[in-house]
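# Topology and contacts: notes
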Amino acid sequence: MARSALTREEVLEAAAALVRRHGPAALTMRGLAAELGTAVTSIYWHVGNRERLLDALVERTVQEMGALRPAGRTPAERIVSVARTLRREIRARPHLIAMVHERGLTERMFLPAQRALVDEVHAAGLRGARAADAVRAVQFQVVGFLLVERNRERSPAQSPGEGELWDPGTAPGDPALARALGRPADPERLFLLSVRALTEALLTGPAGSADRPPGTVTGPEDGPG
């Protein structure tokens, strides 16, 4: 018997769950109807055809990614919390994020996070180009770290692996380093280490950098002469 009193939100939640588990190709109207225990016509009535369903999922994902709330006592702590939330939310829905990107809505999706970061860099006293660079640096750090993570997760088994390449003889002057590099990486710890170091550097950098045009790289001529 077909299920009654189905809501649009229930349809979208079930569709999103299917995409998260198996990717967009696994999302069919018939399969979604079976998942919900309803008739295919009911799915069409709530969300339209498959393309309109995919559009609705993309819009839903954009809205979900905009619901982050910074946490912490200081601007630096809140910036790190935004970065951690972004990484966690993107990792939780890679297929849906890919759909957002394919529809050209990536910048819109990141806008709420950028606004949250702007609030925090302003609270830390940064303004102008320096504040803009700080916001983008944190965003790029999150996305770049995620790309490396995903690449490592998807790469074939390595032979020899890090544990075999880094033995005490590889770094005779620093056996502790060899032992550490021989162990599997801890992505969560490395992410926090890198984003905290980046945030500290961005918020405590030389005040003169606030006057540089966006994207300016300090060269040898900018150092003490």
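Scroll up for the structure.
Described below are features of the structure shown in this document.

Definitions and limits used
All chains use their own residue numbering, which begins from 1 and follows the written sequence. A pLDDT threshold of at least 70 governs which residues receive local features in this predicted model, and a stricter bar of 80 or more applies before side-chain atom pairs are shown or counted, although totals over entire chains, interfaces and linings include all residues. To get the side-chain values, all heavy atoms of the structure are used, and hydrogens and water are removed first. We count a stretch as a helix when DSSP gives it H or I for four or more residues in a row; a strand needs E for two or more, and each element gets its number in order from the N terminus. Relative accessible area decides the class of each residue, using a 1.4 Å probe on protein chains only: under 20% of the type maximum gives buried, over 50% gives exposed, and in between gives partly exposed. Each accessible area value is a Shrake-Rupley result obtained with a 1.4 Å probe; residue values ignore everything except the protein chains displayed when judging cover. Two aromatic rings, drawn from Phe, Tyr or Trp (for Trp, its six-membered ring), form a pair once their centres lie within 6.5 Å of each other, and the interplanar angle then sorts them: stacked below 30 degrees, edge-to-face above 60, tilted otherwise. Any two residues whose heavy atoms approach within 4.5 Å at even a single point are treated as in contact. In these notes, a set of buried Ala, Val, Leu, Ile, Met, Phe, Trp, Tyr and Cys residues joined through side-chain atoms within 4.5 Å is what counts as a nonpolar core. Each salt bridge in this description consists of a side-chain nitrogen of Lys or Arg and a carboxyl oxygen of Asp or Glu lying within 4 Å of one another. For helices, the axis comes from a line fit to the C-alpha atoms of the stretch in contact; other axes are also lines fit to C-alpha atoms, and the angle between any two N-to-C directions lies between 0 and 180 degrees. Angular relationships are summarised with four words: roughly parallel below 35 degrees, roughly antiparallel beyond 145, roughly perpendicular across 65 to 115, and oblique for the angles in between. Polar here means any residue other than Ala, Val, Leu, Ile, Met, Phe, Trp, Tyr, Cys and Pro, which are nonpolar, and Asp, Glu, Lys and Arg, which are charged; Gly is therefore polar.

## Details of the overall build of the protein chain
- Of the regular secondary structure elements, the protein chain holds eleven helices and zero strands.
- Starting at the N terminus and walking to the C terminus, you meet the elements of the protein chain as α-α-α-α-α-α-α-α-α-α-α.
- For the protein chain, the proportion of its 225 residues judged to be buried stands at 35%.
- Accessible surface, the protein chain as shown: approximately 13400 Å² in total, 56% of it carbon and sulfur.

## Some points on the packing of aromatic side chains
- For the structure on display, the rule yields one aromatic pair.
- Ring plane angle 70° and centroid distance 5.2 Å describe the contact between F145 and F191, whose orientation is recorded as edge-to-face. Taken as a pair, F145 in helix α8 (residues 128-154) and F191 in helix α11 (residues 187-204) lie far apart in primary sequence, 46 residues in all. An identical accessibility class is assigned to F145 and F191; each is buried.

## A few points about the side chain of R60
- With respect to the helices, strands and loops of the structure, R60 is situated in helix α4 (residues 50-65).
- Exposure remark for R60: the relative accessible area of 11% places this residue in the buried category.
- Leaving out residues up to four positions away in the same chain, R60 has contacts with E9, L12, E13 and A16.

## What to know about the nonpolar core
- Core analysis: the largest hydrophobic core is formed by 52 residues, its most contacted members being L27, L32, I43, L53, L57 and V121.
- For L57, the contacting residues outside a window of four places in its chain are L12, A15, A16, V19, L27, L96 and M99.

## What about the environment of L27?
- Residue placement: L27 occurs in the loop between α1 (8-22) and α2 (29-36).
- Expressed as a C-alpha distance, the spacing of L27 and A15, which sit twelve residues apart in the sequence, is 6.9 Å.

## Regarding the pattern of salt bridges
- One pass over the structure, following the stated rule, counts 20 salt bridges.
- Here R20 makes a salt bridge to E13, at a shortest N to O gap of 3.3 Å.
- Classification of R20 as partly exposed rests on a relative accessible area of 30%.
- The partner of E77 in a salt bridge is R73, and the shortest N-O contact between them spans 3.6 Å.

## Some points on the packing of α1 against α4
- In the contact formed by α1 and α4, the axes pass within 10 Å of each other and the chain directions differ by 85°. Looking at the two axes, α1 sits roughly perpendicular to α4. Seen from α1, the contacting residues are R8, E9, L12, E13, A15, A16 and V19; seen from α4, they are L53, A56, L57 and R60.
- Within the contact of α1 with α4, the residues separate by chemical class into seven nonpolar, no polar and four charged.

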